[in-house]
Amino acid sequence: MSWVTLLWSMDAAFCFTLAGMYLLVWWKQRKGWVHLLFSCSALAAGAIAGFELMSMRAETTAQYGAVLRWAHVPLWVLLVSIVWFVRLYLRAGRPWLAWSICGLRTVVLILNFLFTPNLNFREITSLRHLSWWGGETVSAPVGVPNPWTLVGQLSVLLLLVFFVDATITVWRRGERRRALIVGGSSIAFITLALGQSALVIWGVIEWPFFISFPYLGIIAAMGYELSTDLFRALQLAQRFQASEAALRESEARINLAANAANFGLWLWNIRDDKLSVTEKWRKLFGFTESEPMSFARLLQVVHPEDRERIKQLVQQMFEHAGGEYESEYRITRPDGNTCWVAGYGSVESDEHGKPAFARGVSRDITKRKIAEEELRESEARFRTVADAAPVLIWMSGPDKLCTFFNKGWLNFTGRKLEQELGNGWSEGVHADDFAHCLDVYKNSFDARQPFTMEYRLRRNDGEYRWVLDSGTPHFADDGAFLGYIGSCIDITERKHAQEKFRLA
């Protein structure tokens, strides 16, 4: 086999291999046209190499003219597919230029079959047999150029302008490596192909056509870039699989923790009004496993008295996306029971700043609400009893600050509850008794021991009255110190009687 046959055959084989590979890629993905267009380009480039090899082996002018005529078909496929490949893959190139090239090239193809022997030559007078390296003989045309071949050269010139424009766009966009590899190589190789074919047609050089090699350069550059993208996609797929496995593991842990904490997780796609929820969440609200979830469906089970409040809260979340929100509301379960639910969540915005997703957790707080209600009822009963008692009653927390005074105390001092809370009550203690009073209170408090002390307390009329103050430490069921409960009684008359008895 001669080296010319070997070289051009390798050119065609390389192009056909790329065409087959990316046709298979397109067939498997069935998504987008980039790989199919590249496959067509590579197939056409390989066919051009085959036609060039046949033209160099042509023995007669008629045979050479026929080969050159049919070579315009793969050339049309190549140029059209390259144009739309650039438009779709690089997202560059002016549309009117693309359509002009395709339209003009189609006119060239039609004219090619209208002229005899072809568009390039009005007449091929003879074949020049050239002796190349190694003594191998190849055929080159000698004839009268067809003026209409300028239309074909104009289409290639427009293709060159198209590539320059696309390359500048890609470069300005910041994709400089892609601009150099695809755009730069295409500009260089198209210039070479246009120049070589024009010189041969117009008889400036006595060579056969070998535009398949410049087009091979373009195919190689595009194939390299596509292969790089496929390799990156493979790496991303591997990373995605690894991250997906890690995500599943993380989700399993989160679900386990959420179930242990009695939490139901939810994710709300606001645009589509679709709720993705966990099994725990469905059980909490009483929904079946197959029932599709949405915010509108959730509102149906919210207690009527809380429904409007939840709507307003969601509207506030939309207006101030990015913050965290919590709410407590009642729901009516399928069995008719009413339950309290606490919800915690946040809203995420899209690239336009509009609410896109909301995610959070929900938990059953019915027991807590019942306990809080019982506590409020207990406190209400205590206040009722304390206010009706004929003594002055006070309470303090574990921080030594007073938290409650009954009605009897407030009527005695003539002050408001806000004035007495904390350490405000000490303002009514007589100056001579203040230090002793606080000393007994603090020492007993620190020791968690009951105490009894006497001091003078200013009455609402300004008179200081002697009171007997008894304090008792208060503990929770688990032994935690809660503070003190104390009571005061007026012992002024007794103190006066004792003083008279002492004097007597």
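Our subject in this report is the structure included herewith. Keep in mind that this is a model prediction, so the values were computed, not measured. (Residues numbered from 1 in each chain as written. Predicted model: local features only at pLDDT ≥ 70, side-chain atom pairs only at ≥ 80, totals over all residues. Heavy atoms only, no water.)

## Concerning the overall build of the protein
Put simply, the test is: Helix numbering and strand numbering both begin at the N terminus, where a helix is a DSSP run of H or I of at least 4 residues and a strand a DSSP run of E of at least 2. The contact rule is simple, with two residues in contact once any of their heavy atoms fall within 4.5 Å. Residue burial considers only the protein chains on display, and all accessible areas are found by Shrake-Rupley using a 1.4 Å probe. The charge count treats Lys and Arg as positive and Asp and Glu as negative. His and the chain ends do not count. Note that the charge is assigned to NZ on lysines, CZ on arginines, CG on aspartates and CD on glutamates.
Along its length, the protein carries 16 helices and twelve strands. Dimensions of the protein, computed from the C-alpha atoms along their principal axes, are close to 160 × 55 × 40 Å. Residue pairs at least 24 apart in sequence account for 56% of intrachain contacts in the protein once pairs closer than 6 positions are excluded. Only carbon and sulfur atoms are counted for the fraction: they give 60% of the accessible area of the protein, which is about 27500 Å². Looking at the protein, you have 54 positive and 53 negative side-chain charges, and the mean spots of the two groups are 7 Å apart.

## What about the nonpolar core?
The condition that has to hold: We define a nonpolar core as any set of buried Ala, Val, Leu, Ile, Met, Phe, Trp, Tyr and Cys residues linked to one another through side-chain atoms lying within 4.5 Å. Exposure is judged per residue with a 1.4 Å probe applied to protein chains only, and the accessible area is read against the type maximum: over 50% gives exposed, under 20% gives buried, and values in between give partly exposed.
Ranked by internal contacts, the top residues of the largest apolar core, which has 46 residues, are L78, F85 and M222. Of all the elements in the fold, those that place two or more residues in this core are α1 (3-29), α2 (34-56), α4 (72-90), α5 (95-114), α6 (149-172), α7 (176-201) and α8 (212-260). Tallying contributions element by element places α4 first for this core, with ten residues. When sequence neighbours within four positions are dropped, the list of residues in contact with L78 reads S41, A44, A45, I48, Y215 and I219. W268, V301, I310 and C339 belong to the second-largest nonpolar core, a separate cluster that totals 25 residues.

## Section: the packing of α1 against α2
The test is simple: To get an axis, a line is fitted to the C-alpha atoms, and for a helix only the part in contact is used. The angle between two axes follows their N-to-C directions and goes from 0 to 180 degrees. In these notes the angle categories are as follows: under 35 degrees is roughly parallel, over 145 is roughly antiparallel, 65 to 115 is roughly perpendicular, and the rest is oblique. For a crossing to be left-handed, the near helix must be turned anticlockwise from the far one by less than a right angle; the clockwise case is right-handed. Each residue receives one of three labels: charged for Asp, Glu, Lys and Arg, nonpolar for Ala, Val, Leu, Ile, Met, Phe, Trp, Tyr, Cys and Pro, and polar for the others, Gly being one of them.
At a minimum axis distance of 8 Å, the contact between α1 and α2 shows a crossing angle of 160 degrees. Overall, the two elements α1 and α2 adopt an arrangement that is roughly antiparallel. Where α1 crosses over α2, the two elements pack in a sense that is left-handed. For the contact of α1 with α2, the class distribution of residues is 20 nonpolar, six polar and two charged.

## Quick notes on the packing of aromatic side chains
Remark: the centre distance and the inter-plane angle together describe each pair of aromatic rings, the angle taken between the planes. Rules: In this scheme Phe, Tyr and Trp rings, the latter by its six-membered ring, pair at centre separations within 6.5 Å, and the angle between planes marks the pair as stacked below 30 degrees, edge-to-face above 60, and tilted otherwise. Charges are assigned to positions over rings by a cutoff of 6 Å between ring centre and Lys NZ or Arg CZ, combined with an angular limit of 35 degrees from the ring normal.
Evaluated as defined, the whole model comprises 26 aromatic pairs. Both rings, one in W281 and one in F287, keep their centres 5.8 Å apart while their planes meet at 15 degrees; by these two values the pair is stacked. Both residues of the pair, W281 and F287, belong to the buried class. On the basis of an interplanar angle of 85 degrees and a centroid distance of 5.3 Å, the ring pair of F445 and F481 is categorised as edge-to-face. Of this pair, F445 sits in helix α15 (residues 431-447) while F481 sits in strand β12 (residues 481-490), and the two are 36 residues apart along the sequence. With a relative accessible area of 14%, F481 lands in the buried category. An aromatic cluster of three or more residues is present, and its members are W394, W425, Y441, F445, F451, F475, F481 and Y484. Here the basic side chain of K369 rests over the ring of W340, its NZ or CZ set 4.5 Å away from the ring centre.

## Comments concerning the side chain of S55
With respect to the secondary-structure elements, S55 resides in helix α2. Relative accessible area serves as the criterion here: at 5%, S55 is assigned to the buried category. Excluding residues that lie within four positions of it along the chain, S55 makes contacts with Y64, V67 and S139.

## Thoughts on the pairing of strand β4 (residues 274-277)
Worth spelling out the cut-off: For two strands to count as paired, DSSP must find a minimum of two bridges between them.
As defined by bridge partners, strand β3 (residues 263-269) adjoins β4 across four bridges and the pair is classed as antiparallel. Residue N269 lies in a different strand from β4, and its bridge partner there is K274. In textbook terms, the turn of a hairpin is the stretch between consecutive antiparallel strands, and for β3 and β4 this stretch comprises four residues, one of which, D273, has a positive phi near 50 degrees.

## Structural notes on α7
As a reminder, the rule being used: Given a helix with a known number of residues, its expected span is that number minus one, times 1.5 Å.
In this model α7 runs 36 Å from its N-terminal to its C-terminal C-alpha over 26 residues, within 8% of the 38 Å that 1.5 Å per residue would give. One or two steps after α7, the chain reaches G203, where phi turns positive at roughly 75 degrees.

## A look at the packing of α4 against α6
Two elements in contact, α4 and α6, have axes separated by 11 Å at closest approach and are oriented at 10 degrees. Taken as axis vectors, α4 and α6 run roughly parallel relative to one another. By crossing handedness, the relation of α4 to α6 is classed as left-handed. Residues L79, I82, V83, V86, R87 and L90 of α4 touch α6, and the partners they reach there are V156, L159, F162, F163, A166 and V170. Across the contact of α4 with α6, the residue classes break down as eleven nonpolar, no polar and one charged.

## Points about a nonpolar patch on the surface
Condition: Residues enter a patch when their relative accessible area is above 30% and they make no salt bridge; the linking distance is 9 Å between like charges and 5 Å between nonpolar side chains (Val, Leu, Ile, Met, Phe, Trp, Tyr). Basic side-chain nitrogens of Lys or Arg form a salt bridge, by our definition, when they fall within 4 Å of a carboxyl oxygen of Asp or Glu.
Where nonpolar side chains cluster on the molecular surface, the patch consists of L150, L199, W202 and V204 and spans about 380 Å² of accessible area. Tracing the sequence through the fold places L199 in helix α7.

## Section: the pattern of salt bridges
Pairing is possible between side chains that carry opposite charge, provided their charged atoms lie close to one another. Counted under the stated rule, the structure contains 25 salt bridges. Here R91 ties to E175 by a salt bridge, and the two come within 3.4 Å at their closest N and O atoms. Of the two residues, R91 is situated in the loop between α4 and α5 and E175 in the loop between α6 and α7; the sequence distance between them amounts to 84 residues. The exposure class of E175 is partly exposed, given its relative accessible area of 24%. The network of salt bridges with common partners includes R459, D461, E463, R465, D490 and E493.

## A few points about the sheet that holds β12
Here five strands make up an open sheet; going across it, the order is β9-β8-β12-β11-β10 and the pairing antiparallel. Only two strands of the sheet have a single partner each, and these edge strands are β9 (402-405) and β10 (451-458). The sheet shows a mean angle of 25 degrees between the axes of neighbouring strands, taken without regard to direction. Two elements, strand β8 (residues 392-396) and β12, share five bridges in a ladder whose sense is antiparallel. Bridge pairing links I393 to S487 in β12. Contacts from helix α12 (residues 366-388) reach β8 and β9, with the element oriented near 60 degrees to β9. Strands in contact with α15 are β8, β9, β10, β11 (464-475) and β12; relative to β10, the strand with the most contacts, it is inclined by about 150 degrees.

## Describing the side chain of D433
As a reminder, the rule being used: Residues adjacent in sequence count toward polar contacts only when both atoms are side-chain atoms; beyond that, a polar contact is any pair of N or O atoms within 3.5 Å, and within protein one must be able to donate a hydrogen and the other to accept it.
With respect to the secondary-structure elements, D433 resides in helix α15. Only 2.8 Å separates the side chain of D433 from the side chain of R456, close enough to count as a polar contact. The residues touching D433, leaving out its near neighbours within four places in the chain, are Y455, R456 and W466.

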